[in-house]
Amino acid sequence: IAALPKAELHLHIEGSLEPEMMFALAQRNGLKLAFDSVEAIRAAYEFSNLQDFLDIYYQGMAVLLTEQDFFDLTAAYLHRAAADGVRHVEIFFDPQGHTARGVPFANVVGGIARALAEAEQRGITSRLIMCFLRHLSEAEAEATLDEALPFLALIHGVGLDSSEVGHPPEKFARVFARARGLGLKIVAHAGEEGPPAYVWQALDVLGVDRIDHGNRALEDDALVSRIVADNLTLTVCPLSNLKLCVVRDIAAHPLRRMLAAGLRATVNSDDPAYFGGY
Ligand code: HPA
Ligand code: ZN
């Protein structure tokens, strides 16, 4: 398995920020972390649900300021992924986690894209997917899409992440329709913690090309049949599901059931600095 060539289709680049780099970037940018050692940071990575993780994830990414920071983050991930046999990677980024702190959009997309271009020279192909934070408003997602317009040559698709329950896909119907009109691919996190209805909305309202997670689709046979009929891929993240208590233990993970049901379930990392794996 270690030697097999791999594709990574569900990876939040901010979720690859290892504690060591968090410290190095904090120091470089003159910031003080809430933790005083790498061990203390790692010890804080005990989550009982998605929101527990997100609170720490947004706190961690606050060390990312400059174009060089985003380059270093992405380059470190790509070197590690290459060592694991990854040949193709589709990377999510969360611009609103940065622009809300005053970081220019260009620093974010510029640094990430420069690292992806460099990795391409070493034979790793890639795509970039811009995610909207679903706990924020659709108007804020629209403003983010506006900011992305000058960079669309670097961005292949748009996605939807952050706190799922209470923020159904239909909240973002208009902005995803506009993104589709711009020629962008559409994906969305759905059915990680949210109900099957959210997966239906991802399909019928957003018109997704792929479903991120999708675990709870298994609760609805008609939904499973629809996903199979549409030949849609699920980007499943078993270690994330374990760490965020979506599953009780890894042996109880539904990956095998997904495959048996005819779903195109793939195995991915999500946020490997926080959940382990890669
Ligand atoms: N779910 C939702 N939002 C996220 C995740 C996730 O697994 N990782 C980073 N942002
Ligand atoms: Zn994710």
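Treat the numbers as computed from the prediction; the structure is a model and nothing was measured.

Analysis parameters
- Residues numbered from 1 in each chain as written.
- Chains lettered and ligands numbered in written order.
- Predicted model: local features only at pLDDT ≥ 70, side-chain atom pairs only at ≥ 80, totals over all residues.
- Heavy atoms only, no water.
- Donors = N, O, S within 2.8 Å, 3.2 Å for Na, K, Ca; no water.
- Tetrahedral: all angles 85-135°; square planar, octahedral: opposite > 155°, others 65-115°.
- Helix = DSSP H or I, 4+ residues; strand = E, 2+ residues; numbered from the N terminus.
- Buried < 20%, exposed > 50% of the residue type's maximum accessible area, 1.4 Å probe, protein only.
- Pairing = 2+ DSSP bridges.
- Axes fitted to C-alpha atoms, helices over the stretch in contact; angles between N-to-C directions.
- Contact = heavy atoms within 4.5 Å.
- Near = heavy atom within 4 Å.
- Polar contact = N/O pair within 3.5 Å; in protein donor to acceptor, adjacent residues only side chain to side chain.
- Areas by Shrake-Rupley, 256 points an atom, 1.4 Å probe, with all protein chains shown as cover.
- Nonpolar A, V, L, I, M, F, W, Y, C, P; charged D, E, K, R; others polar.
- 1 Å grid on protein atoms, 1.4 Å probe; cavity = no way out; pocket = protein on both sides within 12 Å on 5 of 7 lines; lining within 4 Å.
- Points joined across faces, edges and corners; volume = space filled by probe spheres on them.

To continue, consider the coordination of the zinc ion (ligand 2). Protein ligation of the zinc ion (ligand 2) involves H10 (NE2), H12 (NE2), H189 (NE2) and D270 (OD), the donor distances falling in the range 2.0 to 2.2 Å. Seen from the zinc ion (ligand 2), its four donor atoms lie at angles of 82 to 172°, and the figure they make is irregular. One chain supplies every donor for the zinc ion (ligand 2), spaced along it as H-x1-H-x176-H-x80-D. Separated by 179 residues along the polypeptide, H10 in strand β1 (residues 6–12) and H189 in strand β5 (residues 185–190) bring together distant segments of the chain. Pair check on accessibility: H10 and H189 agree, each one buried.

With that out of the way, let us pick up the sheet that holds strand β6 (residues 210–213). If you trace the eight strands from one edge of the open sheet to the other, you get β1-β2-β3-β4-β5-β6-β7-β8, paired in parallel fashion. Every interior strand has two partners, whereas the edge strands, β1 and β8 (264–267), have only one. Going from strand to strand, the sheet's axes swing by 25° on average, the running direction of each strand aside. Where β5 lies against β6, four bridges are found, and the strand directions are parallel. When the bridges of β6 are listed, A188 appears paired with I211. Lying over the sheet, helix α9 (residues 196–206) contacts β4 (157–161), β5 and β6, oriented at roughly 165° with respect to β5.

Attention now goes to the site of ligand 1. In the vicinity of ligand 1, the contacting residues are H12, L50, F53, L54, Y57, D161, S162, H189, E192, H213, D270 and D271. In the model, a nitrogen atom of ligand 1 is placed 2.7 Å from a nitrogen or oxygen of the E192 side chain. Contact between ligand 1 and D271: a nitrogen atom at 2.7 Å from a side-chain N or O atom of the residue. About the coverage of ligand 1: the protein hides 100% of its 260 Å² of free accessible area. Looking at which element gives the most residues to the shell around ligand 1, the answer is helix α3 (residues 50–60), with four residues. Each residue belonging to the shell around ligand 1 can be placed in one class, and the counts come to four nonpolar, four polar and four charged.

The computed volume of the largest pocket comes to approximately 310 Å³. Looking at the largest pocket, it is lined by 15 residues, and the ones nearest its centre are K6, V267, N268, S269 and Y278. Listed by contribution, the elements that provide at least two residues to the lining of the largest pocket are β1, α4 (67–83) and α11 (238–243). Among the elements that line the lining of the largest pocket, the one with the most residues is β1, at three residues. Among the residues forming the lining of the largest pocket, the class breakdown is eight nonpolar, four polar and three charged.

Nothing here speaks to function; it is geometry throughout.
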